[in-house]
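Descriptive analysis of the structure
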Amino acid sequence: MSDFTPLSGLLGGALIGLSASLLLLGSGRIAGVSGIAAGALFSPGEGQRAWRLAFLVGLVAAGVPFVLLAPAAIEASPRPLGWLAVAGLLVGVGTRLGSGCTSGHGVCGVSRLSPRSLMATALFVGTAMLTVAALRFGLGAAP
Amino acid sequence: MSGGRDRTLLALGAGALFGVGLGVSGMTRPAKVLGFLDVAGDWDPTLLCVMAAAVGVHFWAYRWARGRSAPRLDERFFVPAGSPIDARLCAGAVLFGVGWGVGGYCPGPAIVSLAALRGPVLVFVGCMLLGMLLALLPRPGD
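To start, this report covers the structure provided alongside it. Keep in mind it's a predicted model, so treat the numbers as computed, not measured. (Residues numbered from 1 in each chain as written. Chains lettered and ligands numbered in written order. Predicted model: local features only at pLDDT ≥ 70, side-chain atom pairs only at ≥ 80, totals over all residues.)

1. Topic: the overall build of chain B
A tally of helices and strands in chain B yields six helices and zero strands. Each helix and strand of chain B, ordered N terminal to C terminal, gives the series α-α-α-α-α-α. The C-alpha extent of chain B, read off along each of the three principal axes, is 50 × 45 × 30 Å. Put simply, 43% of the contacts in chain B that link residues at least 6 apart link residues at least 24 apart. (Helix = DSSP H or I, 4+ residues; strand = E, 2+ residues; numbered from the N terminus. Contact = placed C-beta atoms within 7 Å.)

2. Structural notes on the interface of chain A and chain B
The partner chain B presents 109 residues to the 104 residues of chain A that form the contact. Only helix 1 (6-27), helix 2 (33-42), helix 3 (49-69), helix 4 (81-97), helix 5 (102-111) and helix 6 (115-139) of chain A provide two or more residues apiece to the side of chain A that touches chain B. With 21 residues, helix 1 of chain A is the single largest residue contributor to the side of chain A that touches chain B.

3. What about unusual backbone geometry?
Here the phi dihedral of Leu 113 of chain A falls at roughly 55°; this positive angle occurs in a residue that is not glycine. Residue position: Leu 113 of chain A is located in the loop between helix 5 and helix 6. By C-beta crowding, Leu 113 of chain A is classed as exposed, having 11 other C-beta atoms within 10 Å. Its identity as a non-glycine residue notwithstanding, Leu 117 of chain B has a phi of 50°, on the positive side. In this structure, Leu 117 of chain B sits in the loop between helix 5 (107-113) and helix 6 (119-136). The exposed category is assigned to Leu 117 of chain B, around which 10 C-beta atoms lie within 10 Å. (Buried ≥ 20, exposed ≤ 12 C-beta atoms within 10 Å, placed from the backbone.)

4. Some words on the packing of helix 6 of chain A against helix 4 (residues 87-103) of chain B
Where helix 6 of chain A meets helix 4 of chain B, the closest approach of the two axes is 7 Å, and the angle between their N-to-C directions is 35°. Crossing geometry of helix 6 of chain A relative to helix 4 of chain B is assigned as right-handed. From helix 6 of chain A, Arg 116, Met 119, Ala 120, Leu 123, Phe 124, Val 125, Gly 126, Thr 127, Ala 128, Thr 131 and Val 132 of chain A reach across to helix 4 of chain B, where they touch Leu 89, Cys 90, Ala 93, Val 94, Phe 96, Gly 97, Val 98, Trp 100, Gly 101 and Val 102 of chain B. Classifying every residue of the contact of helix 6 of chain A with helix 4 of chain B gives 15 nonpolar, five polar and one charged. (Axes fitted to C-alpha atoms, helices over the stretch in contact; angles between N-to-C directions. Left-handed = near helix turned anticlockwise from the far one by under 90°. Nonpolar A, V, L, I, M, F, W, Y, C, P; charged D, E, K, R; others polar.)

5. Considering the environment of Asp 74 of chain B
Summarising the element assignment, Asp 74 of chain B is placed in the loop between helix 3 (46-66) and helix 4. Between the alpha carbons of Asp 74 of chain B and Gly 15 of chain B there is a distance of 18 Å; along the sequence they are 59 residues apart. Leaving out residues up to four positions away in the same chain, Asp 74 of chain B has contacts with Ser 27 and Gly 28 of chain A together with Gly 3 and Arg 7 of chain B.

Right, here's the structure in full:
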């Protein structure tokens with residue numbers, strides 16, 4: 001556990017929970033990043049596009065101070081480019097079929113104790129762990 | 001409509017706060033996320049702390065919201081109805097999990113990382129958006 005950083009993890013997690021809470025109590029919306037991204041770009045819902053685009057702009061804007069002041073905080077994935085292309089397709093298709101990702105199911109849905117989100121979170125965390133193990137033992141790809 | 005403008009500004013601030021949280025917690029470093037998923041290796045439980053704190057805060061916000069008839073800036077809450085667990089949900093979660101394990105990116109950290117304008121994250125996000133579009137195409141029978 002050489003890279004375990006519990007305090008910054010708890011602090012960052014609390015900020016994420018606070019963000020989701022502001023969005024829920026302020027606008028009644030769920031802070032699910034995959035749904036917000038897909039909705040902003042691909043579904044024409046009347047009056048639903050502006051807030052979603054704004055949320056995405058906020059996410060990217062949050063990266064800027066890290067890039068300028070603490071560049072080590074935003075790293076590129078160690079995986080090969082071809083793997084990232086496949087991973088992107090799977091994440092895109094999977095989060096739309098499954099109606100959510102780590103934020104919408106993992107944070108918001110788990111906080112509501114939603115059975116669907118609890119099931120989805122257990123499945124995607126479990127599958128991701130199995131995938132990393134399979135790549136480690138099958139292809140010798142230690143992350 | 002000023003309600004719409006207020007909601008847009010709130011979403012901008014919430015997105016920024018969410019992104020700062022991801023950056024502070026180390027979740028914009030895919031190697032660290034993969035370190036959590038790599039239970040057979042040098043396991044890094046940080047992601048568990050991130051989830052626990054986020055859920056710990058939002059759990060109470062949701063309970064507070066349940067006691068209200070509407071959010072501050074809109075007429076109602078847009079919280080998903082309690083649909084049953086179905087094959088589509090499970091298949092989607094499994095595909096997402098495989099993709100997460102292959103790449104080390106989930107959607108939030110990947111979008112924050114766009115700020116660095118590096119090739120790997122641009123490839124991931126481009127393919128993720130393509131995957132979303134494919135999944136949203138109307139199918140026969142829908």
